[in-house]
Amino acid sequence: MQDDRGLPAHLAALAGYSRFLARLAGMRALQDFDWQQAAQQGLPPGALDERLQAALTEGAPLDRALRDLRARTLAQLLVRDARGEASLDEVVSALSELATVAVRHAERHTRAELAARFGVPRGADGREQVLQVVAMGKLGGGELNASSDIDLVFVYADDGDTDGARSIGNQEFFIRQGRALIGLLSEITADGIVFRVDMRLRPWGDAGPLAVSHAMLEDYLLAHGRAWERYAWMKALAITGTSDDEKALNKIVQPFVYRKYLDFSAFDDLRDLHRQIRAEVARRDLRDNIKLGPGGIREIEFVAQIFQLIRGGRESELRVRSTREALRRLAATGRMPAETAQTLLAAYDFLRRLEHALQYVDDAQTQMLPDTDDGRARVAGLMRAPDWEALAEETRLQREAVTSVFESVFEERGAGAPADTLRVLWQAAASGAAYGAELATRGFDPALGEHLAALRNGSRYRTLSATAQSRVDALVPLLVDAAQAAPARDPALAALLALVEAIGGRVSYLALLQENPQALEHVAGLVTASSWLAQYLNQHPLLLDELLDPRNLATPADWPALFAGLHRELDAIGDDTEVAMDALRQFRHAQTFRLVARGLSGMLTLEALADELSALADGALQEVVDRVWTGLRGRHCEQPRVCVIGYGKLGGKELSFASDLDLVWVHDDDHPDAGEVYSRLVQRSNGWLNRLTAAGVLYETDLRLRPDGDAGLLVCGIEHWRHYLEASAWTWELQALTRARATAGDASIGARVEAIRRDVLAMPRDAEATRRDIVDMRRRMLDAHRAKAGIFNLKQDRGGIIDTEFVVQYWILAYAHRYPELLDNVGTLALLGRAAALGLVDSSLASRCQDAYRRFRQRQHLLRLNAQGSSDVAEAGWADDRSAIDALWDATMGSLPDAVPALHGRMPPT
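Our subject in this report is the structure included herewith. This structure is a prediction, so every number in the text was calculated from the model and none was measured.

Reading guide: rules and limits
- Per chain, the residues get numbers from 1 upward, laid out in the order the sequence is written.
- Two thresholds apply to this predicted model, a pLDDT of at least 70 for residue-level local features and 80 or more for giving and counting side-chain atom pairs, whereas whole-chain, interface and lining totals are computed over all residues.
- Processing note: side-chain calculations cover all non-hydrogen atoms of the structure and skip hydrogens and water entirely.
- By the criteria applied, helices consist of DSSP H or I runs no shorter than four residues and strands consist of E runs no shorter than two, each listed in order from the N terminus.
- Between buried and exposed lies partly exposed: a residue is buried under 20% and exposed over 50% of the maximum accessible area for its type, with that area taken using a 1.4 Å probe on protein chains only.
- Whether two residues are in contact is decided by their heavy atoms, any of which lying within 4.5 Å being enough.
- When a carboxyl oxygen of Asp or Glu is within 4 Å of a side-chain nitrogen of Lys or Arg, the pair counts as a salt bridge.
- Helix span, expected: 1.5 Å multiplied by one less than the number of residues in the helix.
- Ring pairs shown here join Phe, Tyr and Trp side chains whose ring centres sit within 6.5 Å, with only the six-membered ring taken for Trp; geometry is labelled stacked below 30 degrees between planes, edge-to-face above 60, and tilted in between.
- Only Lys NZ and Arg CZ are tested; either one counts as a charge over a ring when it is within 6 Å of the ring centre and within 35 degrees of the ring normal.

Residue position: T828 is located in helix 38 (residues 828-837). On the accessibility criterion, T828 (5% relative accessible area) is buried. For T828, the contacting residues outside a window of four places in its chain are E654, T804, E805, V808 and Y853.

See the structure below:
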């Protein structure tokens, strides 16, 4: 059964709620419309373009075909949506596809008409130019609503002229085309309208030209782009034009929208924009507007956008245009709690469906809740609610949930707090004595008042921008509060003030600390525990990001996943070596910071920390080798037949956060150019590691342990390396070999390196001659590092770290041919235990030495954490540990000679 409009009986009730549906049913375009089929079937991707092409093939003019397509599409979506058959995704995707199809056909049609009159637009290089129609707003995000206009911007790549007999400039051509395109879509005819077009988001708005070149757009964004335009351009999507033009446009827009650092200053920008919207809502009495009012759609978008703006410059996966997809990715990456994202997604789904119901009534672009009984009954019916009261209550609950999240995210911290004494003193630029007196009442050393006065009254503060000064003004009282809660408040405050001074005018980092009290509290604890970490933060404030989420520090490093992510990031960077080097350094800094912080919090033992830092260096080396080889000219194979051997702390997996890398490079390649090619690989890799960039140095390296040292080749064949070790190596070089391991490069060559290492160390040798060589070397080292009265150098002095390690290395060189257990590169502590099990040392003495060595390393680690360059400690308190190591030395190596003859030959690197 059908009514007189052709609607099936079961759809007639919908027409009672929707005057728009009633009008659609009476239109010419729907005279043969299969309502039953439309209600039951969704719109698969590509269906709308196919329908339009079919209409054009049958001879329909484009303007009528577009309007008919809109009418039939809206009828199908309205029915499916109102009956609960269509998801929000189906509706907004289909509406966005409808607009995209319409714009693309309109662009092609208007271009052809103009090109017939004026010729084809061409750039200075003769390349054909096309109009890029950039979709903004909800169309750019693929989330268009039922009665929306479409926000567009018209751009083109290059200026120039058309190539026709009546030549005109490219800009004039594209302005004419833009006007024709707008008319084709927005003119109201007997068949209705396609889309209203809003061009106010273009540069200079209504006062600007209708179409601009890429150069004009870039100049505008750099010189005049306002904060709100960053949010607008976040959703920009070129829906016409070439792929090359799209890439060029993205290179202009992306740096404007997304900063390369963490952009917490975006909070203030979005707060300001939200205040303006709230003021307009109040002025126009729009509290019942579900888009702009409290807890509305715009607040959900703001929450998603603030996270994207802050982190999108560093986390490319957050650079998405869809609000829903942004919320999902924020949850997936842990940047937003999953329950918060789900709350916002549920509210967004409800409010957008309610928005559609409001618009289905009359095809009006409205987001206002109705204030008449008739209007409320219609909307409740379209939402399938039992009555208006039930719908209004659900709306209230959803909006309150959004408001709660919005206010928790955008809560202003530091600004507008009570004007306590410290704030008053700061605003008055008081003296150090006045600050000191106030600090003393809070339990601080009054001398710290001079630090505050130096910061407030110094030239650095005076030269800050007004925005940066206001940030510092709000932040300083928060610093004092955070330091007051720290275990050692005086060092914490001094370190925090130094951090603020180091950050200086970088407003985003000041904003980060102000907006995140939990991070500020964590910073206070860390800088109190480690002055090295405080200096590291001063040098690399980007690392403050690591403190925003406690899970960053609590979660063990998943190196395969972390390096896979780094690899993808570097792939996305492409051929920009400087940017790639900075990204690699920032990765290393972030992971080092996490590991050291985990060590300070007791989550990693010293040995585990050294293992993790070594794994980080291994992965970084591999990434460098891969990147350099890929870009190396003249390379003769797909993968380099090379191995990077780590010696010293890296080789023994005893790396600290401040260690350099002792490296030896070998290759296994008989190609005639292998030596030259791999030498260039080593040189460029060393540049990637050592070069000082804006992000610092990746690792300092030392290549002097290679065969023949500085006089030898940068990289040698693996058999040459073997022969050198077997026939020419000095005893100290064999000692170094005990802690060598393959760290990067070809795994099969790495396996051969390990086999050669074991073969060489297991060679029978004169134990007495070996002992004498090691003892003589130890004496030379002691002569070069004279002991200081009352001081014990944990590393260099008798009874310390070097004595312990030399004894273990002697056992390997003298006895590994009999005891292969000694060949495993498992570290000094483990080898002491193995030597005891083999009877090479008394087990009780070995246990005492293990305890002593562990304490030496732990204290050395603490010294480094507090930026002490040497290993000097007060002599008192170390007698028992030193006596254990002395006993080990005497039992194994004997006494040290008073003097040794000069060493003629190669000396170990110092």
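Bringing the pattern of salt bridges into the picture now. On inspection of all chains with the given rule, the structure shows 63 salt bridges. A salt bridge links D362 to R23; the shortest N-O distance between them is 3.6 Å. With D362 in the loop between helix 15 (338-360) and helix 16 (373-382) and R23 in helix 2 (residues 19-25), this pair connects stretches of sequence that are 339 residues apart. Taking the relative accessible area as the measure of exposure, R23 reaches 43% and is therefore partly exposed. Of the charged contacts, one joins R122 and D163 as a salt bridge, the two residues approaching to 2.8 Å between their closest N and O atoms. A residue pair is termed long-range when its members are at least 10 positions apart, and R122 in strand 1 (residues 121-123) and D163 in the loop between strand 4 (160-162) and helix 8 (170-186) qualify at 41 residues. By relative accessible area, which is 28% here, R122 ends up partly exposed. Linked through salt bridges whose partners overlap, the residues forming this network are R641, D668, E719, R722, E726, D746, R752 and D759.

A word on helix 23 (residues 489-503). In an α-helix, one turn spans 3.6 residues, which is why side chains three or four residues apart end up on the same side. Its 15 residues give helix 23 an end-to-end C-alpha distance of 21 Å, which sits within 8% of 21 Å, the value for a rise of 1.5 Å per residue. When we look at burial in helix 23, the residues that qualify are A492, L493, A495, L496, L497, L499, V500 and I503.

Attention shifts here to the environment of L526. One can find L526 in helix 25 (residues 517-529). Overall, L526 belongs to the buried group, its relative accessible area being 6%.

Before going further, it helps to spend a moment on the packing of aromatic side chains. What the rule picks out here adds up to 15 aromatic pairs. Note on W426 and Y461: the rings are 5.9 Å apart at their centroids and 85° apart in plane angle, and the pair reads as edge-to-face. With W426 in helix 18 (residues 421-427) and Y461 in helix 21 (residues 459-462), this pair connects stretches of sequence that are 35 residues apart. Exposure class is identical for W426 and Y461. Each is buried. When the centroid spacing of 5.5 Å and the interplanar angle of 15° are considered together, the rings of W629 and Y678 count as stacked. Here Y678 lies in helix 32 (residues 674-690) and W629 lies in helix 30 (residues 606-630), a separation of 49 residues in the sequence. For the pair formed by W629 and Y678, the shared burial category is buried. Grouped by ring-pair contacts, the aromatic residues Y156, F173 and F174 constitute a single cluster. When the ring centre of Y258 is taken as origin, the NZ or CZ atom of R319, which lies over that ring, is 6.0 Å away.

Interpretation note: all reported values are geometric properties and have no functional meaning in isolation.
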